[in-house]
There are 2 protein chains.
Amino acid sequence: MSNRDRILDLSLRLLNEEGAQAAGTTRIAQTLGISPGNLYYHFKNREEIVRGLFAALEAEFRAMMIEDVAPPISPARFAGFYLRSFEVAWKYRFFFGGLHHLLRKDEKLALAYRDLQAWALDELEAIVRQLVKDGSMAKPKTRNGFHSLGLNTWLIWMNWIRFVQISGKDEVTRDDMIEGVGQMFDLLVPYLDADFEKAARRVLARELRG
Amino acid sequence: MSNRDRILDLSLRLLNEEGAQAAGTTRIAQTLGISPGNLYYHFKNREEIVRGLFAALEAEFRAMMIEDVAPPISPARFAGFYLRSFEVAWKYRFFFGGLHHLLRKDEKLALAYRDLQAWALDELEAIVRQLVKDGSMAKPKTRNGFHSLGLNTWLIWMNWIRFVQISGKDEVTRDDMIEGVGQMFDLLVPYLDADFEKAARRVLARELRG
DNA sequence: GTCTATAAGCAGATAGAC
DNA sequence: GTCTATCTGCTTATAGAC
């Protein structure tokens, strides 16, 4: 494993454990047992490390979204899709707590983030549209129903991890992530076909036990 | 105006403009034209300033919540209540972007925040229950319907300001806040009485123009 | 209550040897 | 590709005069 990868690996761990602002280049290098100079050979500055981690998040997130949008959307795929989205979020959780600060200090990262967000919002809306097309869901009532539902989905997704961390539980578990899925799920429940809903819930319940 | 109040005032402005981590005690003192020593006479440390600002946020937020929960809830009061909640959030917006970091570094603040959050979740759930009691809304379908709706309301509220700031608009306006209200509102729409909904929307539309 | 002066520490980053 | 050594600039916070 190259030092470059070791730096990314450890950075992700430290940032996740201690927060996006906690670990500096000095400590990262120290903990790895390499010199600051070595670290700065691989990364021009601290921001480049964070951008590297964001690139990994983005790749996993995009792959997951694309893989699962193909119609028709079965209850199991639907539940699995939401579930995996939370697993990706959890893997890179430092990002969600420190987002505002990170984007403020790094214009390049801000642009990359906004790109991803715009794309994700479109995709989330597309999923809702597809569910309606599949007959698994009634058309939302509000004027901008599709858009609004997609956006609320995104807002819950973005905030769930932060909410759990902020709420001060000693240990965050996989079940907390599944609860998050349920929270997102509840946004659509009023519109979902009863059978579709039941089937999706069963998948989630199985995950909770497993 | 006492120097203590001037410190709180300026801190709020700087933190809002530049982010919760940007302005340090040195710059606050400098900008006010007072000495660091003077600042540290009034506040034991930087965290005490932030806690002072949080106390102000909490006071305004609690006052607003208590004032508006009394039954029955009219559409105008309902819309006005959501609207004012966003105005309070906007006034102390630095808090929402930097929350994770702030709470991590200050255990006292974390406890105060969690108290407020627990209380707010109860109140938000109570509002939903009251709407159902008033006949303005159908009973939510999901098993923990009341709780889930209250929680989603909170998650949208907590995240809207951050979402707007992160999304990179050059200037954030009052209309953006009203859009946030609409986003929160849409959570309840599937269950709301049609007349109640229309009336509440009219109030919001009027605010948008005004 | 307000000031000057400054300690102590840590951050990000670089130069240049090997 | 990795090292040692170090610079610069910032921060929080304090001691003690007025």
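Definitions and cut-offs
- Residues numbered from 1 in each chain as written.
- Chains lettered and ligands numbered in written order.
- Predicted model: local features only at pLDDT ≥ 70, side-chain atom pairs only at ≥ 80, totals over all residues.
- Heavy atoms only, no water.
- Contact = heavy atoms within 4.5 Å.
- Buried area = accessible area lost by both parts, 1.4 Å probe.
- Salt bridge = Lys/Arg side-chain N within 4 Å of Asp/Glu carboxyl O.
- Polar contact = N/O pair within 3.5 Å; in protein donor to acceptor, adjacent residues only side chain to side chain.
- Helix = DSSP H or I, 4+ residues; strand = E, 2+ residues; numbered from the N terminus.
- Nonpolar A, V, L, I, M, F, W, Y, C, P; charged D, E, K, R; others polar.
- Domains from an automatic or database assignment.
- Buried < 20%, exposed > 50% of the residue type's maximum accessible area, 1.4 Å probe, protein only.
- Near = heavy atom within 4 Å.
- Axes fitted to C-alpha atoms, helices over the stretch in contact; angles between N-to-C directions.
- Parallel < 35°, antiparallel > 145°, perpendicular 65-115°, else oblique.
- Left-handed = near helix turned anticlockwise from the far one by under 90°.

Some thoughts on the interface of chain A and chain B
No. 1: Chain A puts 40 residues into the contact, and the matching count from chain B is 40 residues.
No. 2: In terms of surface lost to chain B, no three residues of chain A exceed A:His100, A:Arg162 and A:Ile166, which account for 19% of the buried area on that side.
No. 3: Counting across the interface, chain A meets chain B through zero salt bridges.
No. 4: Along the contact surface separating chain A from chain B lie 23 residue pairs in polar contact (both at pLDDT 80 or more).
No. 5: Elements supplying a minimum of two residues to the side of chain A that touches chain B: helix H1 (3–18), helix H6 (94–105), helix H7 (107–133), helix H8 (145–166) and helix H9 (174–188) of chain A.
No. 6: Per-element accounting of the side of chain A that touches chain B gives the leading share, 13 residues, to H8(A).
No. 7: By residue class, the composition of the side of chain A that touches chain B is 17 nonpolar, 15 polar and eight charged.

Examining the domain arrangement of chain A
Interfaces are often sized by the accessible area lost when the parts come together.
All names here are of chain A.
No. 1: Domain parsing of chain A yields domain 1 (1–44) and domain 2 (46–209).
No. 2: For domain 1 versus domain 2, the separation of C-alpha centres amounts to 28 Å.
No. 3: Three residues, Leu 12, Asn 16 and Ala 20, lead the burial of domain 1 against domain 2; their summed loss comes to 37% of the area buried on that side.
No. 4: In this structure, the connection of domain 1 to domain 2 is made through zero salt bridges.
No. 5: Our count for the domain 1 to domain 2 interface comes out at six residue pairs in polar contact (both at pLDDT 80 or more).
No. 6: Of all the elements, H1 adds the most residues to the side of domain 1 that touches domain 2, at six residues.

Some words on the pattern of salt bridges
Residues and elements named next belong to chain A.
No. 1: This model, assessed by the stated rule, comprises 24 salt bridges over all chains.
No. 2: Residue Glu 125 is joined to Arg 129 by a salt bridge in which the shortest nitrogen-to-oxygen separation is 2.8 Å. A residue pair is termed a helical-turn pair when its members lie 3 or 4 positions apart in one helix, as Glu 125 and Arg 129 do in helix H7 at four residues.
No. 3: Classification of Arg 129 by relative accessible area gives partly exposed; the value is 40%.
No. 4: Here the salt bridges do not stand alone but share partners, grouping Glu 87, Arg 174 and Glu 207 into one network.

A word on the protein's contact with DNA strand C
No. 1: Taken together, 15 residues lie around DNA strand C, and A:Thr25, A:Tyr40, A:Arg46, B:Ser35 and B:Asn38 are the ones closest in.
No. 2: For DNA strand C, the fraction of protein-proximal atoms (within 4 Å) that sit in sugar or phosphate groups is 62%.
No. 3: Here a phosphate oxygen of DNA strand C sits 2.7 Å away from a polar atom, N or O, in the main chain of A:Thr25.
No. 4: B:Ser35 is positioned with one of its backbone polar atoms (N or O) 3.3 Å from a phosphate oxygen of DNA strand C.
No. 5: Among the elements that make up the surface near DNA strand C, the one with the highest residue count is helix H3 (residues 36–42) of chain B (four residues).
No. 6: Residues belonging to the surface near DNA strand C are distributed by class as follows: four nonpolar, 10 polar and one charged.

A closer look at the packing of helix H5 (residues 75–91) of chain B against helix H10 (residues 194–209) of chain B
All names here are of chain B.
No. 1: Two elements in contact, H5 and H10, have axes whose closest approach is 8 Å; the angle formed by their N-to-C orientations is 50 degrees. Taken together, the axes of H5 and H10 are oblique relative to one another. When you trace H5 past H10, the crossing you get is right-handed. Touching Pro 75, Ala 76, Phe 78, Ala 79 and Leu 83 of H5 are Phe 196, Ala 199, Ala 200, Val 203, Leu 204 and Glu 207, all from H10.
No. 2: In terms of residue class, the contact of H5 with H10 is made up of 10 nonpolar, no polar and one charged.

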